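What follows is each chain in one-letter form.
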Amino acid sequence: MVGMGAADWAADLWRRGCERLATELPEQQFNTWIRPLPPATVAGDSGDGLVATLKVPNHFKRDWIRRQYAARIEAILTELAGRPTRLELALAARDAAAAPASVAAPAMPQPHQPAAPAQAAEPSAALRPVVNTPTIVLPSQAPASAKHRINPQLTFDTLVPGRANQMARTAALHVAGAPGITYNPLFIYGGVGLGKTHLIHAVGNALLKDRPDARVLYLHAEQFISDVVKNYQRKTFDELKAKYHSLDLLLIDDVQFFAGKDRTQEEFFNAFEALLAKRAHIIMTSDTYPKGLVDIDERLTSRFDAGLTVAIEPPELEMRVAILIKKADAEGTPMPEDVAFFIAKNVRANVRELEGALRKVLAYAKFSHKEITITLAREALKDLLSIQNRQIGVENIQKTVADFYKIKVADMYSKKRPASIARPRQIAMYLAKELTQKSLPEIGELFGGRDHTTVLHAVRKIGGERQKNSELNQQLHVLEQTLKG
Ligand SMILES: Nc1ncnc2c1ncn2[C@@H]1O[C@H](COP(=O)(O)OP(=O)(O)OP(=O)(O)O)[C@@H](O)[C@H]1O
């Protein structure tokens, strides 16, 4: 290690740990869960050991990694570092955005020990808010970074309604019609790319249409964190108050990013109370429901839940078809229904991916001067389809589901009936039907020679429950994402 800095040492430790994990885990699991993570930072703990901190992008990944891999990662790092190494999983708030007051100084490592890289005291330029002046943000002012501004394209008109967003859309329409009265705050949660940002922009746009002088601000939680950091450094908290406490409608995206940022949480709490007291409306989004938020003060999470909390679910097939048809129309290239069904059946993860697939198909048709047909769509999406076909087999599904619910893979074929086994088995059957081309009898065969009616029962049961039980739906969503790599 001579000549190697502490940060390099940590990066090297993590790299070697990853190499080991890559040999132990199935490739697809490694690629899905471990490879995308930024290198762990490592610091000394208060005793003789080390603490390796891994930043994970969201709550689900954090839980999954904790359940499936944390113990093994700790064991590997302990062995490689030659000292007891504990693993911490932190929700990523895109690095530099840590509010300084909330950052506890890490136990200083000895010279020969690895050190955590210094926390940046100030957010990087990329994270700084684009506009720092108070506060009214109108569509006409929209600058280059649409992420922090109301985007005039994201309206209720361009949002396709469906069962998946029915509750959230109804609540959002209600708030747009009578802000500050009921459902305050409105808390919208769901997985990535499902339309949360679109929906809250739609409320902002609707209110501005009715009341062009309304003081509306949309921002991502990271921008709020950056504002707190900046004002903390300049000791200009009055400015922060002036900016946030004077709004009529505050739309704030991805509040899970507040995790672990105590000072930010305090300021947000103040803004929150001030806005509610003057009957301004607050709409928040997050990747999980308020009680599922980690490292956020309970005082805040209980307030998040005090108005109305609604989920946005992944869209079902018909809704995906409707979205494709509407977006293709908006591009001036009508899409035949059979092609829309073909794409929607193959792209299920979320609306953002659906849009990506649509763009590919439209571009392919344009450049090849061909009509939009299933053959053309198959050709345009061939990479995506081949990845899916390669990766998703029934065995893979059985293994992933068994891992997730901590049962043995053998139980997928066994005749055992306890619910703790039968339910994961039904979930695996459901996913096998959803994600592969296998018929019901074929799936039954692969699940220990079961009858096709057993599979059909499982498919219907889990499919039906999924519509009503958002926890199950989230779990299925995670499993689908994992299986698709
Ligand atoms: N129901 C819908 N109708 C039309 N477009 C939609 C719908 N839902 C989502 N979209 C589109 O899908 C894309 C992703 O949506 P959006 O950015 O709102 O997702 P999100 O839930 O905020 O995701 P993230 O958590 O990743 O920010 C956007 O282009 C959005 O306009």
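Residues numbered from 1 in each chain as written. Predicted model: local features only at pLDDT ≥ 70, side-chain atom pairs only at ≥ 80, totals over all residues. Heavy atoms only, no water.

Colleague: Residues and numbers for helix α20 (residues 470-484), please.
Modeller: If you check α20, its first and last C-alpha atoms are 21 Å apart, about what 15 residues at 1.5 Å a residue would give, namely 21 Å. With 11 of its 15 residues buried, α20 lies for the most part within the structure. Regarding α20, the residues found buried are Leu472, Asn473, Gln474, Leu476, His477, Val478, Leu479, Glu480, Thr482, Leu483 and Lys484. For α20, the side-chain oxygen to backbone nitrogen distance between the N-cap and Glu471 is 3.0 Å, and the N-cap itself is Asn469. (Helix = DSSP H or I, 4+ residues; strand = E, 2+ residues; numbered from the N terminus. Expected span 1.5 Å × (residues − 1). Buried < 20%, exposed > 50% of the residue type's maximum accessible area, 1.4 Å probe, protein only. Polar contact = N/O pair within 3.5 Å; in protein donor to acceptor, adjacent residues only side chain to side chain.)

Colleague: I'd love a proper account of the nonpolar core, names of residues and values included.
Modeller: Counting 89 residues, the largest nonpolar core has Ile34, Phe268 and Leu431 as its most contacted members. If one sorts the elements of this core by residue count, helix α17 (residues 419-435) sits on top with eight residues. Contacts of Ile34, omitting those with residues within four sequence positions, involve Trp14, Cys18, Leu21, Leu25, Gln29, Tyr69 and Ile73. Counting 27 residues, the second-largest nonpolar core is a separate cluster that includes Ala164, Ala328, Leu354 and Leu362. (Core = buried A, V, L, I, M, F, W, Y, C linked by side-chain atoms within 4.5 Å. Contact = heavy atoms within 4.5 Å.)

Colleague: Tell me about the pattern of salt bridges, and name the residues and values.
Modeller: Under the definition given, this model contains 22 salt bridges. Of the charged contacts, one joins Glu88 and Arg86 as a salt bridge, the two residues approaching to 2.9 Å between their closest N and O atoms. Close ionic contact of Asp403 with Lys399 constitutes a salt bridge, the shortest N to O distance being 2.7 Å. Here the residue Asp403 and the residue Lys399 both occupy positions in helix α16 (residues 394-404), the gap between them amounting to four residues, near one helical turn. Classification of Lys399 as partly exposed rests on a relative accessible area of 31%. Through salt bridges with shared partners, a single ionic network connects Asp12, Arg15, Arg16 and Glu19. (Salt bridge = Lys/Arg side-chain N within 4 Å of Asp/Glu carboxyl O.)

Colleague: Summarise the site of the ligand; cite the residues concerned and give the values.
Modeller: The ligand sits among 19 residues. The nearest are Val160, Gly193, Lys196, Thr197 and His198. Contacts to the ligand include Asn165, whose side-chain N or O atom sits 3.5 Å from a nitrogen atom. Here an oxygen atom of the ligand and a side-chain polar atom of His198 are 2.7 Å apart. Listed by contribution, the elements that provide at least two residues to the shell around the ligand are α6 (196-210), α11 (317-330) and α13 (351-368). Per-class residue counts for the shell around the ligand are eight nonpolar, seven polar and four charged. (Near = heavy atom within 4 Å. Nonpolar A, V, L, I, M, F, W, Y, C, P; charged D, E, K, R; others polar.)

Colleague: I'd like a description of empty space enclosed by the protein, backed by residues and values.
Modeller: Taken as a whole, this structure holds one cavity of 30 Å³ or more when the rule is applied. In this structure, the largest cavity spans a volume of roughly 40 Å³. Every residue along the wall of the largest cavity is listed here: Gly191, Leu194, Ala311, Ile312, Glu313, Pro314, Asn473, Gln474 and His477. When its residues are assigned to classes, the lining of the largest cavity shows four nonpolar, four polar and one charged. (1 Å grid on protein atoms, 1.4 Å probe; cavity = no way out; pocket = protein on both sides within 12 Å on 5 of 7 lines; lining within 4 Å. Points joined across faces, edges and corners; volume = space filled by probe spheres on them.)

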